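Residue-level structural notes
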Amino acid sequence: MSKKILLDKINVPGIKTYEVYRQNGGYASVEKALKTLTPDEVVEEVKKSGLRGRGGAGFPAGMKWSFIDKKSGKPRHLVCNADESEPGTFKDRYLMEYIPHLLIEGMITSSFALGANLSYIYIRGEYMWVFKILERAIAEAKAAGWLGKNILGTGYDLELYVHCGAGAYICGEETALIESLEGKRGNPRIKPPFPAVSGLWANPTVVNNVETIATVPWIINNSGDDYAKIGIGRSTGTKLISASGHIKNPGVYEIELGLSVDEFMNSDEYLGGMSSSRPLKAFVPGGSSVPILPAELIFKTANGEDRLMSYESLSDGGFATGSMLGSGGFIVYNDTACVVRNTWNFSRFYHHESCGQCTPCREGTGWLEKILWRIENGQGREEDIELLWSIQSKIEGNTICPLGDAAAWPVAAAIRHFRDEFEYHVRFPEKIKNREHFVAEPFSQVKHLVGGKVIA
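Scope of this entry: the structure provided in the associated data block. (Residues numbered from 1 in each chain as written. Predicted model: local features only at pLDDT ≥ 70, side-chain atom pairs only at ≥ 80, totals over all residues. Heavy atoms only, no water.)

**Overview of the sheet that holds strand S4 (residues 156–164)**
Sheets are built from strands paired through backbone hydrogen bonds, the pairs being either parallel or antiparallel. Pairing within the open sheet is mixed, and its 5 strands lie in the order S3-S4-S2-S1-S5. Across the chains shown, the open sheet's two edge strands, defined by having one partner strand only, are strand S3 (148–151) and strand S5 (205–209). For this sheet, the mean angle separating the axes of adjacent strands, direction not counted, is 25°. Pairing analysis gives 2 bridges linking S3 to S4, with the strands arranged antiparallel. Across the sheet, Ile-151 pairs through a bridge with Tyr-156, a residue of S4. (Pairing = 2+ DSSP bridges. Helix = DSSP H or I, 4+ residues; strand = E, 2+ residues; numbered from the N terminus. Axes fitted to C-alpha atoms, helices over the stretch in contact; angles between N-to-C directions.)

Below you can see the structure in the form of structure tokens.
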């Protein structure tokens, strides 16, 4: 069994209440930090841990904290990014819904480290029931003296609020989140200046993901060095994975980074293998924005090494033969899945969620959706595949925020690894008009029609 840091006590009856959480060691990290450590010592422990941002980018959390401007004399803020909107990702919701005080504890300890006296949790608008759970948890924590003035008699003050978004995926980008929190339209800002210098109300601000902040209490209660011993290489600690698709055991799993993809996929402790006798076709390891990989690149890298659940191994080979760990949205497809339809579905999402500020993203995502719809609905043309490639290449790297990249990468990977499937859609439109076209006749049985090798 892998080590549990975040989900260790999640099944304790009543753990979402303050009383039960406190009885099970809750808020010990706040007590230790405020009474025995300086803010800089807390930051140093997080640095030692090697903890990387769990929202998708994987930037070292302690390093990000160290960038915050302490010389300006302005108030500082910690903002928790709970705007979990990446298709295929639901691990933050699980934490907040079932063990909310872990996040509250992490917010207090982390705010102390940053010298923040006013902090926020910005939660996805669709998570209204979770919003209410957090509100109750904050009220309980404040009533018990963990929030407010002079916490534990140490002279440290902190007010913590939950702010509900309005359902915009773009607000998962930290500067768009800050704009929304200030009451403006959620458009990403041009950087620099970075939030660590000029963030919320032009004050120094750190934005971290729910899972990242919820990990801090364990690090402070134990040590950064102990955390760094878990995992592999620069992928230290554990990671929450949201697993879905054609698998026996979908759900949220906490794994030690470095676990092999094969063991995670096929062992009974985790996903339990495929949900039926249909073979594995592809998977997306880190949410809808990361490149899809075909079956032959899932368990082994292009170099023949075991593919591991780590930042480095999943990206081995670059986008030519690798992908990204991203937010940990692990989506598995069997051979009944249509890659063209799946890619169109992702593109439809990104077109809908583009804020429209940058022309390549505003116009490009719309064209990607339209062309993919055309191909999936039997109206595709031979030149459409090259047109898709051209459009995605003009979006990537040409926008203020990563939403453009997130829209481009799935399209590029789908064409790179499954081009013959796109060609089949174009050449045999009568065969793919039925939405379930690969259920009765999987693509592996008809790919010879476009020059591919038949797989029995």
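**Thoughts on the pattern of salt bridges**
The full count for this structure, using the stated rule, is 34 salt bridges. Measuring nitrogen to oxygen at the nearest pair gives 3.1 Å for the salt bridge that ties Lys-91 to Asp-92. Accessibility expressed as a relative area gives 1% for Lys-91, which makes it buried. Looking at Asp-92, the relative accessible area reads 2%, which means it is buried. In this structure, Lys-239 engages Glu-211 in a salt bridge whose closest nitrogen and oxygen atoms are separated by 3.0 Å. Pair noted here: Lys-239 is in strand S8 (residues 238–245) and Glu-211 is in helix H9 (residues 210–221), with a separation of 28 residues, a long-range link. According to the relative accessible area criterion, Lys-239 is buried, its value standing at 0%. Since its relative accessible area comes to 0%, Glu-211 is described here as buried. A network of salt bridges, in which partner residues are shared, links Arg-54, Lys-91, Asp-92, Glu-211 and Lys-239. (Salt bridge = Lys/Arg side-chain N within 4 Å of Asp/Glu carboxyl O. Buried < 20%, exposed > 50% of the residue type's maximum accessible area, 1.4 Å probe, protein only.)

**Looking at the packing of helix H5 (residues 91–98) against helix H7 (residues 128–143)**
Interaxial distance between H5 and H7 falls to 9 Å at its minimum, and their mutual angle equals 40°. Relative to H7, H5 is oriented oblique. When the axes of H5 and H7 are compared, the crossing they make is left-handed. Between H5 and H7, the residues in contact are Arg-93, Met-96 and Glu-97 and Trp-129, Val-130, Ile-133 and Leu-134, respectively. Considering only residue class, the contact of H5 with H7 consists of 5 nonpolar, no polar and 2 charged. (Parallel < 35°, antiparallel > 145°, perpendicular 65-115°, else oblique. Left-handed = near helix turned anticlockwise from the far one by under 90°. Contact = heavy atoms within 4.5 Å. Nonpolar A, V, L, I, M, F, W, Y, C, P; charged D, E, K, R; others polar.)

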